[in-house]
Structures are given as C-alpha cells and as structure tokens.
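If you want the building blocks of each chain, they are given just below.
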Amino acid sequence: MSPTWFRKDIDPGTIITLDQPETSKWKVVKRLNEYDHQLDEDRHRLGFHLSFACTKLLCCDPEDDTKLAFMRIYLQVPFRGTEMDDARTRASQAIKRTPQELIAYQDLTQKSSNTPKLLGHKTTVQGKSGLVPGGFAVWLVWEMVLGLRLGNKNGPDAFWTLGDSEREEIRVSFMKTFAEMREVGYLPDKTALSSLVWHKDSNTLYFIGFRDCNFGQPKGPVVAAKWVAHYGLAIPNSNEWLKKGWNQDTSAWKW
C-alpha cells in the first residue's frame, strides 16, 4: 500500500493562498486523489532523481462557493528506504522542479481557448521539518470548465447517450480543436472520451487532463478517422484501422 504523504493542511475548509501571477485564495472542498511516484534506491542508482507525490483537490473561491476549480499539490518525497533518515541526509536529495503540468497550463492559458485556464500557482521549498528539507513544493489551480464530460472511467460514456446529430457535431469540433492542440504542441494525458468536455451552448469542445501531458506533438498529416477512434468518438468494427496501410474504410464503424 502506498504511503499517504499529505496528512495536514488540506482538510475541507482550509484556505490556501497562492502568489502567482497575483495573490489568490482557495478553499478546499474535497480531497479527490493522491499519486505516489516515490523512487527506490535501484532507480536512483540508475540516475533517476525525481521522487515526488501529488494530490488533487476540489476547491472553490472562499467568497463564492459556486466558483469551483481543481488544485494539485506536488511535493518532493525522500527516496524509498530513507524516510527515517536524519533531516540532513534527506535534505541532500533536494532538487528544484517545475511540474510539466504547470508548464502546460501556463502555455495553454496563453495559446488555447479549448483547455482549462490556469487560475494561480505557487512554487516554494520545504522547510526544515519537511519531507525533503529544501525540496520542491508546488501548488497550482485550474478552472473547472463547464459542460458534459464525454467519458466515464467507472460507468457508461455520456457521449453514446447523445443523439446522432450531436455526436457528429462533436466529431467536427474535435477535429478542428485537435488540429489546434497539435499546433500548440500539447495533448492531454489520455486519448479517451474522459479527456473531452462538451459545452453544447457555445459549441465548444474542451481537452482536459495535463498532469502527464504529451509535449511536442508532430505536425505531420492527420488521419481523421484514426484519431476519432483513438478518442472513442467512433467504434471500429475490427482492428484493421490500427495496421499499416489501412484502406480507411469506416463504413462498418459505429458512429
């Protein structure tokens, strides 16, 4: 069982203050998940140095509970097996790091209208009583975009409950937005319906989820049907579309 690294200062009702690009305050509503990426000594010997954990929180504006957003906190954690070592030993592991998720949201906020906006962030170092004294500690908050999330990891996908015409409308919007995302140089963590949010009133399709985002996407030709299938916006009748030299026949696909 993975350790729980975030034991304090994130209880519901806690106010967290960020300082970039300006001061902002956020109230914790709910803890959503935790991700553990603690390195063991074998991987450290191979040259890996990034040992960290992060937690995702649902939060809101303290003065407006309806203004919801997501917060992620990143902490450097000690290498496995050194957790009980003295502070000086753990401090020797300290490094500076800007999470790629923060880099992505900073860039996308400036260049894309189809991704959540970065609402605030803070980068600092852990104190003498920290897990890794002098190690990185990073907070970021991004908006919760309005709309229908098209995929569900734990149940039926909302996309397939929509009518034929709306599904086609979403596919058209997807290919336009997908091309724009590739030009900016980012794609979300997963090629799945759960990475897409559809706001029907504004005819806007959002791409979400950039913790492990894909940087530097190639600028070459796009086979539209393949990407539509990868994201679950169509269901192929076989695996032929995955093979080299596919004839691009989609007549038997579920649309």
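Residues numbered from 1 in each chain as written. Predicted model: local features only at pLDDT ≥ 70, side-chain atom pairs only at ≥ 80, totals over all residues. Heavy atoms only, no water.

1. Structural notes on the layout of surface pockets
Note the threshold: Detection works on a 1 Å grid of protein atoms alone, calling trapped sets that fit a 1.4 Å probe cavities and calling open sets with protein on both sides within 12 Å along at least five of seven lines pockets, with lining residues defined by an atom within 4 Å of a point. Grid points are joined across faces, edges and corners, and a volume is the space filled by probe spheres set on the points. What counts as a helix is a DSSP run of H or I of at least four residues, what counts as a strand is a run of E of at least two, and both are numbered from the N terminus. Either an automatic procedure or a domain database provided the assignment from which the domain bounds are taken.
A volume near 770 Å³ is recorded for the largest pocket. Lining the largest pocket are 29 residues; nearest its centre among them are Lys-56, Arg-149, Lys-153, Ser-194 and Ile-208. At the level of secondary structure, the elements contributing two or more residues to the lining of the largest pocket comprise strand 2 (24-37), strand 3 (52-61), strand 4 (64-76), helix 3 (100-111) and strand 6 (136-143). Each of domain 1 (14-143) and domain 2 (148-242) gives at least three residues to the lining of the largest pocket. The space that makes up the second largest pocket amounts to roughly 560 Å³. Taken together, 22 residues line the second largest pocket, and the ones lying closest to its centre are Trp-5, Phe-6, Lys-8, Asp-9 and Leu-75. Contributing elements (two or more residues each) for the lining of the second largest pocket: strand 1 (15-18), strand 4, strand 5 (118-125) and strand 6.

2. Description of the environment of Thr-98
Looking at the secondary structure, you find Thr-98 in the loop between helix 2 (87-91) and helix 3. A C-alpha to C-alpha distance of 38 Å links Thr-98 and Trp-160, two positions 62 residues apart in sequence.

3. Side note on the domain arrangement of the protein
Rules: Once two parts are joined, some of their accessible surface, as seen by a 1.4 Å probe, is lost; buried area is that loss totalled over both. In the analysis that follows, any N or O atom pair within 3.5 Å is treated as a polar contact, provided that within protein one partner can donate a hydrogen and the other can accept it, and provided that, for residues neighboring in sequence, both atoms belong to side chains. Three residue categories are used. Nonpolar comprises Ala, Val, Leu, Ile, Met, Phe, Trp, Tyr, Cys and Pro, charged comprises Asp, Glu, Lys and Arg, and polar comprises the others, including Gly.
Assigned domains of the protein: these are domain 1 (14-143) and domain 2 (148-242). Between the C-alpha centres of domain 1 and domain 2 the distance comes to 28 Å. Carbon and sulfur atoms supply 61% of the area that domain 1 and domain 2 bury against each other, a total of about 1300 Å² over both sides. It is Gln-100, Leu-108 and Asn-114 in domain 1 that bury the most area against domain 2; as a group they hold 41% of the surface buried on that side. At the surface where domain 1 touches domain 2, the tally comes to 4 residue pairs in polar contact (both at pLDDT 80 or more). For the side of domain 1 that touches domain 2, the secondary-structure elements that each account for two or more residues are strand 4 and helix 3. Here the element with the most residues in the side of domain 1 that touches domain 2 is helix 3; it accounts for 8 residues. Considered class by class, the residues forming the side of domain 1 that touches domain 2 number 8 nonpolar, 5 polar and 4 charged.

4. Considering the sheet that holds strand 7 (residues 148-149)
Two pairing modes exist for strands in a sheet, parallel and antiparallel, and in both the strands are linked by backbone hydrogen bonds. How we decide: Criterion used throughout: strands pair if DSSP finds at least two bridges between them. By the convention used here, residues are in contact when the closest approach between their heavy atoms is within 4.5 Å. Lines fitted to C-alpha atoms define the axes here, with helix axes fitted over just the stretch in contact, and angles between the N-to-C directions of these axes take values from 0 to 180 degrees.
Across the sheet, 3 strands lie side by side as 7-9-10; this open sheet has antiparallel pairing. The two strands at the open ends of the sheet, each matched to only one other strand, are strand 7 and strand 10 (204-207). Inspection of the sheet shows strand 7 paired to strand 9 (residues 196-199) by 2 bridges, in the antiparallel sense. Paired with Arg-149 across the two strands is Val-197, which belongs to strand 9. Along the sheet, helix 4 (residues 164-184) makes contact with strand 9 and strand 10, crossing strand 10 at roughly 55°.

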